[in-house]
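Descriptive analysis of the structure
Now for the letters of each chain:
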Amino acid sequence: MVIHESAEDYLESILIIQEQSGQVRSIDVVNKLGYSKPSVSIAMKKLRESGFITMGGDGTILLTDSGLEIASRIYRRHKILTRLFERMGVSPEQAAIDACKVEHDLSEETFTRICSYVEEAPPQEHTP
């Protein structure tokens, strides 16, 4: 199944918010991503129709199994890439920004190699 980068970003954000505060509402996604309320509302409808989320009667957003699988995969990529960039001497803030840009586009082969490198290599001290 092909899923667009924007949908991956939404699902990843829902997972992060859920981990941080226990429940997710559309306004939380608006605040995290900085998108307009109408844009988030449209995206939530599409994610619901695609079977990636469900909406509770109280407005909470819940990831389905397939939504959680995608969100977890992208979030893992984000964390691993952030660690790699930080080890290279990139500031934590910039490392997270750059990880967001790269996490969707890497091949599985390259990502697997990065995982091996990050998990095997000890952290290095870098001077700018």
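This write-up is about the structure you can find in this document.

Next up on the list: the packing of aromatic side chains. Applying the stated criterion across every chain, the model contains one aromatic pair. The ring of Phe111 has Arg77 sitting right over it, with the charged end atom 4.6 Å from the ring centre. Sitting above the plane of the Tyr75 ring, Lys79 keeps its charged end 4.5 Å from the centroid.

This brings us to the packing of helix H4 (residues 65–87) against helix H6 (residues 108–120). With their axes 10 Å apart at the nearest point, H4 and H6 run at an angle of 55 degrees to one another. With respect to their mutual orientation, H4 and H6 come out oblique. As for how H4 packs across H6, the hand of that crossing is left-handed. Within the contact between the two elements, H4 uses Arg76, Arg77, Ile80, Leu81, Arg83, Leu84 and Arg87 and H6 uses Glu108, Phe111, Ile114, Cys115, Tyr117, Val118 and Glu119. Of the residues contributing to the contact of H4 with H6, the split by class is eight nonpolar, no polar and six charged.

Our next topic: H4. Taking 1.5 Å of rise per residue, 23 residues should cover 33 Å, and H4 covers 33 Å from first to last C-alpha, within 8% of that figure. Gly89, located one to two residues past H4, shows a positive phi value of around 100 degrees.

Now for the nonpolar core. Grouped together as the largest cluster of nonpolar side chains are 23 residues, with contacts concentrated most on Leu11, Ile14, Val29, Met44, Leu47 and Ile53. Residue assignment for this core shows that the elements contributing at least two residues are helix H1 (5–21), helix H2 (26–33), helix H3 (37–49), strand E2 (61–63) and H4. In contact with Met44, other than residues within four places in its own chain, are Tyr10, Ile14, Ser26, Val29, Ile53 and Ile61. Formed by 10 residues, the second largest nonpolar core is a distinct cluster that contains Ile80, Leu84, Ala99 and Cys115.

Looking now at the pattern of salt bridges. Overall, the coordinates contain five salt bridges when judged by the stated rule. Of the charged contacts in the structure, one is a salt bridge between Glu8 and Arg73, with a shortest N-O distance of 3.5 Å. Here Arg73 lies in helix H4 and Glu8 lies in helix H1, a separation of 65 residues in the sequence. Overall, the relative accessible area of 37% leaves Arg73 in the partly exposed class. Taking the shortest distance from any N to any O, the salt bridge between Lys101 and Asp98 comes out at 4.0 Å. Here Asp98 and Lys101 lie together in helix H5 (residues 92–102), a separation of three residues that amounts to about one turn. Looking at Lys101, the relative accessible area reads 53%, which means it is exposed. Classification of Asp98 by relative accessible area gives partly exposed; the value is 22%.

Parameters at a glance
- Residues numbered from 1 in each chain as written.
- Predicted model: local features only at pLDDT ≥ 70, side-chain atom pairs only at ≥ 80, totals over all residues.
- Heavy atoms only, no water.
- Phe/Tyr/Trp six-rings, centres within 6.5 Å; stacked < 30°, edge-to-face > 60°.
- Lys NZ or Arg CZ within 6 Å of the ring centre and 35° of its normal.
- Axes fitted to C-alpha atoms, helices over the stretch in contact; angles between N-to-C directions.
- Helix = DSSP H or I, 4+ residues; strand = E, 2+ residues; numbered from the N terminus.
- Parallel < 35°, antiparallel > 145°, perpendicular 65-115°, else oblique.
- Left-handed = near helix turned anticlockwise from the far one by under 90°.
- Contact = heavy atoms within 4.5 Å.
- Nonpolar A, V, L, I, M, F, W, Y, C, P; charged D, E, K, R; others polar.
- Expected span 1.5 Å × (residues − 1).
- Core = buried A, V, L, I, M, F, W, Y, C linked by side-chain atoms within 4.5 Å.
- Buried < 20%, exposed > 50% of the residue type's maximum accessible area, 1.4 Å probe, protein only.
- Salt bridge = Lys/Arg side-chain N within 4 Å of Asp/Glu carboxyl O.

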